[in-house]
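# A look at the structure
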Amino acid sequence: MRARQIRLVAIGIIIVAGVVIFWVSRVLGQAETFPPIALCPGPDEYGYTCEPGAAFPYLDATIDSLLYEDDGVTILDLPFAFVFYGTTYTQVAASSNGNLQFTTQTPAFDNLCLNEAAAPEMGDMIAPYWDDLNLTAVGFLRYDTFGESPERIFVIEWEDVPRFDSPEDLVTFEVQLFEGSNDIVFVYRTVSTTVNDRGSGATIGLQSEGQGRALQYGCNQLVLNNNSAIHFPHPSDGEAEDSAQPAGPDLSAGLQPDPAAGPVVKGDVALLLDSLAGRGQEALPQLRQYWLSQSPQRDSQWAWADLTGDGRQELVFLWRGPAATPTLTQLVILATDNQAQLRLAYQLYPLARQEEMRQLELWSATDVTGDGAADVILRDPAGGRLVIVSAASGQWTRYTIAELCSGHLGLRDVNGDGTPDVIRDGCQKSPRVITSWNGHNFVSR
């Protein structure tokens, strides 16, 4: 009897031990299995986590990338090899829209959330503030290297960059990449210029599209504050350490745009096209009143002219804002396609950084190149500048006339070749300047 009891007790101990071992192994297995797409604080499947970065100061970059575009990308060489999601990179594509890409060069302005899947076509991406930003007229994308090898910090900074739909909202932030540790830090100086800002339209996080992994801090949420930072430590063991062998692609060939894609349609341009498709030319006065009612208000001008010589009329449309907000100035040319539908053929932000054009106006649509098609003449009465947009060279080209003139502007065939010349009075270098097309460019005398 006693032997039987001993056997029963032994069997009970074995069963209990088996159950304990099963649950412990299951718990440990769960602890070591991370989701491929994770929310902060993580970790994601690769091992990235995120935490407050109060210990990391803002570093002012000084080298201008010269990227002055809306929806543009520039290639930067890294000063040291950097490991991101297990791959070593020596270059990065910096987008005007607040992100860095290691395997793609996509100027996408329409941000996507990372909480369900990696954003398609963005590749391996670091997104401190992926939003529709506009570097055309103001703001800078700068970069710099701080410290000494082997502990350098590479900084990419977006300074005073306006949001496309809210040009008065300027954001300033940066990414810091750390040599050796491969850590990533987002530092935010100004992201709360209005009550609805703070990342309300931005995606913030990391992703590897190829691996289907991502760690998201926020997507269209009020999650950011001025003078704050986020630290993404690079995993120091496991898969991250063992797989940091492959080399990233060579981005030196630069961005290869799709010639068939055409200009990007968004914002007011999309509204203009939709309104014309629905109500035709009758929509234009109503749209003008609509934009005048906005804050800040924008006036608009338009003209219909054959700018390409194909017998079809193009619509030239100019928005201009107050003198204090030159970023609101925009010119578009809408052309009629073979299906009799208007489409965006050309767009221009006339304000260049080296120029002062505060109140640009659409002065005329007249043939001044002698090709039988009209050219668009824009002028700034206050600053004395003149801009001509023409398709005479076979493609849409902007020509800025260097001379500054504050007096009368007129057209007259001075050369007797049947093509009017541009005549301006009250010029800085001479009382009168005559500008003519020489077949390749505009020259003045």
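The model shown is predicted, which means the values in this text are computed figures rather than measured ones.

About the criteria used
- Residues numbered from 1 in each chain as written.
- Predicted model: local features only at pLDDT ≥ 70, side-chain atom pairs only at ≥ 80, totals over all residues.
- Heavy atoms only, no water.
- Pairing = 2+ DSSP bridges.
- Helix = DSSP H or I, 4+ residues; strand = E, 2+ residues; numbered from the N terminus.
- Buried < 20%, exposed > 50% of the residue type's maximum accessible area, 1.4 Å probe, protein only.
- Axes fitted to C-alpha atoms, helices over the stretch in contact; angles between N-to-C directions.
- Expected span 1.5 Å × (residues − 1).
- Arc of directions from axis to C-beta.
- Disulfide = S-S within 2.5 Å.
- Salt bridge = Lys/Arg side-chain N within 4 Å of Asp/Glu carboxyl O.
- pLDDT = per-residue confidence, 0-100.
- Contact = heavy atoms within 4.5 Å.
- Phe/Tyr/Trp six-rings, centres within 6.5 Å; stacked < 30°, edge-to-face > 60°.

### Description of the sheet that holds strand β9 (residues 153-163)
Strand order in the open sheet formed by seven strands is β2-β14-β11-β10-β9-β8-β3, and the pairing between neighbours is antiparallel. Strand pairing shows two members of the sheet lacking a second neighbour, β2 (51-52) and β3 (63-64), which therefore form its edges. Pairing of β9 with strand β10 (residues 166-178), which is carried by nine bridges, proceeds in the antiparallel orientation. Residue pairing in the sheet places Val155 in a bridge with Gln176 of β10.

### Some thoughts on the pairing of strand β11 (residues 184-190)
Within β11, five of the seven residues are buried, leaving the element largely enclosed by the surrounding structure. When β10 meets β11, the two strands line up antiparallel, connected through six bridges. Each bridged residue has a counterpart across the sheet, and for Phe173 the counterpart in β11 is Tyr188. Joining the antiparallel neighbours β10 and β11 is a turn of five residues, in which Gly180 adopts a positive phi near 85°. Relative to strand β14 (residues 228-232), β11 runs antiparallel, the two sharing five bridges. In the sheet register, Val185 faces β14, and the bridge partner there is His231.

### Looking at the sheet that holds strand β20 (residues 375-380)
Taken in spatial order, the four strands of this open sheet run β19-β20-β21-β22, and their pairing is antiparallel. Two strands lie at the open edges of the sheet, namely β19 (361-366) and β22 (397-401), each paired on one side alone. Direction aside, the axes of adjacent strands within the sheet are offset by 20° on average. Bridge count between strand β21 (residues 385-390) and β22: five bridges; the pairing is antiparallel. In the sheet register, Val389 faces β22, and the bridge partner there is Arg398.

### A look at helix α3 (residues 267-279)
For α3, with 13 residues, the first-to-last C-alpha span of 19 Å sits near the 18 Å given by 1.5 Å per residue. Asp268, Val269, Leu272, Leu273, Ser275 and Leu276 are the residues of α3 that are buried. Viewed end-on, α3 has its buried residues packed into an arc of 165°, placing them on one side of the element. In α3, the exposed positions angled more than 90 degrees off the buried face are occupied by Asp274, Ala277 and Gly278. Of the residues one or two after α3, Gly280 is the one with positive phi, at around 70°.

### Side note on the state of the cysteines
Under the criterion given, the structure shown has three disulfides. Each sulfur of the disulfide joining Cys40 and Cys50 lies 1.8 Å from the other. In this pair, Cys40 sits in the loop between β1 (37-39) and β2 while Cys50 sits in the loop between β1 and β2, placing the two residues ten residues apart along the sequence.

### Some points on the pattern of salt bridges
Enumeration according to the criterion identifies 14 salt bridges in this entry. Residue Glu45 is joined to Arg213 by a salt bridge in which the shortest nitrogen-to-oxygen separation is 3.2 Å. Residue Glu45 is found in the loop between β1 and β2, and its partner Arg213 is found in strand β13 (residues 213-219); the two are separated by 168 residues along the sequence. Residue Glu45 is classed as partly exposed on the basis of its relative accessible area of 35%. In this structure, Arg288 engages Asp299 in a salt bridge whose closest nitrogen and oxygen atoms are separated by 3.0 Å. Here the residue Arg288 occupies a position in helix α4 (residues 283-292), and Asp299 occupies one in strand β15 (residues 299-305), the gap between them amounting to eleven residues. The class for Arg288 is partly exposed, based on a relative accessible area of 27%.

### Let's talk about the confidence of the model for the protein chain
Should pLDDT be low for a region, the predicted coordinates there are not to be read in detail. Here the protein chain shows a mean pLDDT of 87. Residues at 70 or above account for 84%. Under a pLDDT of 50 for its full length, residues 19-31 has, in the predicted model, zero contacts with residues more than four places off or in other chains.

### What to know about the packing of aromatic side chains
Under the definition given, this model contains 24 aromatic pairs. Their ring planes at 70° and their centres at 5.6 Å tell us that Phe56 and Phe178 sit as a pair that is edge-to-face. Of this pair, Phe56 sits in the loop between β2 and β3 while Phe178 sits in strand β10, placing them 122 residues apart in sequence. Look at Phe178 and you get buried, because its relative accessible area is 14%. Arranged with centres 6.4 Å apart and planes meeting at 80°, the rings of Tyr68 and Phe140 form a pair that is edge-to-face. Placement of Tyr68 in the loop between β3 and β4 (73-84) and of Phe140 in strand β8 (residues 140-146) is noted, with a sequence separation of 72 residues between them. For Tyr68, a relative accessible area of 26% puts it in the partly exposed group.

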